[in-house]
Amino acid sequence: SQKIEQNSEALNIQEGKTATLTCNYTNYSPAYLQWYRQDPGRGPVFLLLIRENEKEKRKERLKVTFDTTLKQSLFHITASQPADSATYLCALVGGANNLFFGTGTRLTVIP
Amino acid sequence: GAVVSQHPSWVICKSGTSVKIECRSLDFQATTMFWYRQFPKQSLMLMATSNEGSKATYEQGVEKDKFLINHASLTLSTLTVTSAHPEDSSFYICSASSIAGDRGYTFGSGTRLTVV
C-alpha cells in the first residue's frame with residue numbers, strides 16, 4: 001500500500017535560518033503533491049501544490065521541490081520566524097481525489 | 001473564498017450515545033467531501049469519501065455502521081458517530097476539494113470529540 005513518510009517527527013531551528021522538511025513516498029505515482037500547515041487544535045491549511053512536471057515552486061518565503069525519480073519532495077522555509085512554528089504535512093491525492101497525508105513534521109523556530 | 005465550516009468545534013458525550021458533526025461548504029459547491037480522524041500527535045487518517053447523493057466510500061478498517069456519513073446536498077455533509085465509546089474520542093476534521101488547480105483542499109476547523 002502507499003506510504004508517505006516525513007523525515008523527522010520534530011525539527012528545531014534558530015530564527016532566521018532555513019528550515020528544510022522532507023517527504024518521501026512509496027508505491028505511488030502522484031500527479032501532484034501538496035503541503036499543508038496545521039496549528040494545534042485546528043484543521044490543516046493549504047500552502048503549496050506542485051505538479052509532477054514542475055521541479056520547483058515558490059511562494060513568498062516558501063519553496064517546494066518535487067523529484068518524481070527519487071519519490072521525494074522538499075519543503076523549505078527561508079528566514080524562519082517563530083510564527084512559522086507549526087506541524088507541516090505533505091499530502092498526495094488518491095484515485096478518488098481523496099487526500100492522503102504524511103506523518104507530519106512539528107517545526108519549532110527558536111527566537 | 002473556499003470556506004468550510006464545521007460544527008460543533010467540541011463535544012462531550014456519554015458512552016453509548018450518538019453524536020452528529022456537520023460540515024458545510026460556505027461559498028462553493030462541494031460534490032465531494034472527506035472525513036478524517038486525528039489522534040494526538042498523529043497525522044490525519046482518511047476515514048471516508050462522501051459524494052453528494054450517493055453512499056460514502058469508507059477506507060479499510062473504518063466501520064461504516066458506526067460512522068454514518070450523509071451528503072444530502074452540495075454544501076452539507078454530516079458524520080454521525082453511533083453508540084460512541086471512549087476509544088472513539090478523537091479530533092474529527094472534514095474537507096472539501098474546491099476549484100481544481102493550485103488552491104488545494106479546504107478543511108474545517110475540526111471537532112474534538114470526547115466520550116466519557
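Before any of the text, the structure's been laid out above.
The structure contained in this document is the topic of the report that follows. (Residues numbered from 1 in each chain as written. Chains lettered and ligands numbered in written order. Predicted model: local features only at pLDDT ≥ 70, side-chain atom pairs only at ≥ 80, totals over all residues. Heavy atoms only, no water.)

### Some remarks on the overall build of chain B
Inference 1: Helices and strands together make up the secondary structure of chain B, namely zero helices and 11 strands.
Inference 2: Along the chain direction, N to C, the helices and strands of chain B fall in the order β-β-β-β-β-β-β-β-β-β-β.
Inference 3: Compactness check: chain B gives a C-alpha radius of gyration of 13 Å against a globular reference of 13 Å for 116 residues, within 12% of the reference.
Inference 4: With the C-alpha coordinates of chain B rotated into their principal frame, the extents come out at 40 × 30 × 25 Å.
Inference 5: In chain B, which comprises 116 residues, the share counted as buried stands at 50%.
Inference 6: Considering only intrachain contacts with a sequence separation of at least 6, the fraction spanning at least 24 residues in chain B is 53%.
Inference 7: Only carbon and sulfur atoms are counted for the fraction: they give 52% of the accessible area of chain B, which is about 5700 Å².
Inference 8: Both charge centroids of chain B, one from 10 positive and one from 9 negative side chains, sit 5 Å from each other. (Helix = DSSP H or I, 4+ residues; strand = E, 2+ residues; numbered from the N terminus. Rg over C-alpha atoms; globule rule 2.2 N^0.38 Å. Buried < 20%, exposed > 50% of the residue type's maximum accessible area, 1.4 Å probe, protein only. Contact = heavy atoms within 4.5 Å. Areas by Shrake-Rupley, 256 points an atom, 1.4 Å probe, with all protein chains shown as cover. Lys, Arg positive; Asp, Glu negative; His and termini not counted. Charge placed at Lys NZ, Arg CZ, Asp CG, Glu CD.)

### Quick word on the overall build of chain A
Inference 1: Check the secondary structure of chain A and you find zero helices and 11 strands.
Inference 2: Listed N to C, the secondary structure of chain A is β-β-β-β-β-β-β-β-β-β-β in terms of helices and strands.
Inference 3: At 13 Å, chain A has a C-alpha radius of gyration in line with the 13 Å of a compact globule built from 111 residues.
Inference 4: Dimensions of chain A along its principal axes, counting C-alpha atoms only, are 40 × 30 × 20 Å.
Inference 5: Counting over 111 residues, chain A shows a buried share of 46%.
Inference 6: If you take every contact in chain A between residues at least 6 apart in sequence, the share linking residues at least 24 apart comes to 53%.
Inference 7: On chain A, roughly 5500 Å² of surface is accessible, and the fraction owed to carbon and sulfur atoms is 48%.

### A short note on the sheet that holds strand β7 (residues 67-73) of chain B
Residues and elements named next belong to chain B.
Inference 1: Across the sheet, four strands lie side by side as β1-β3-β8-β7; this open sheet has antiparallel pairing. Of all the strands in the sheet, just β1 (4-7) and β7 have a single pairing partner and so form its edges. Across this sheet, the average inter-strand angle for adjacent strands is 15°, counted without regard to direction. (Pairing = 2+ DSSP bridges. Axes fitted to C-alpha atoms, helices over the stretch in contact; angles between N-to-C directions.)

### A short note on the interface of chain A and chain B
Inference 1: Counting residues at the interface gives 22 residues for chain A, matched by 18 residues for chain B.
Inference 2: Together chain A and chain B conceal approximately 1600 Å² of surface at their shared face, both sides included; 53% is due to carbon and sulfur atoms.
Inference 3: Inspection of the region where chain A meets chain B yields five residue pairs in polar contact (both at pLDDT 80 or more).
Inference 4: At the level of elements, β4 (32-38), β5 (45-51), β9 (86-93) and β10 (99-101) of chain A are the ones that each hand at least two residues to the side of chain A that touches chain B.
Inference 5: Considering every element that reaches the side of chain A that touches chain B, the biggest residue donor is β4 of chain A, with four residues. (Buried area = accessible area lost by both parts, 1.4 Å probe. Polar contact = N/O pair within 3.5 Å; in protein donor to acceptor, adjacent residues only side chain to side chain.)

### Considering the pairing of strand β1 (residues 3-6) of chain A
In regular strands, side chains alternate between the two faces of the sheet.
All names here are of chain A.
Inference 1: Here β1 shows one buried face, formed by Ile 4 and Gln 6, and one open face, formed by Lys 3 and Glu 5.
Inference 2: Pairing between β1 and strand β3 (residues 19-26): four bridges, direction antiparallel. By the bridge assignment for β3, Lys 3 is matched with Thr 26.

### Digging into the sheet that holds β1 of chain A
Residue and element names in this part refer to chain A.
Inference 1: Reading across the sheet, the five strands line up as β1-β3-β8-β7-β6 and stay open at both edges, with antiparallel pairing between neighbours. The open sheet terminates on both sides in strands that have one partner only, identified here as β1 and β6 (56-59). Shown here is a sheet whose adjacent strand axes are inclined to one another by a mean of 15°, direction ignored.

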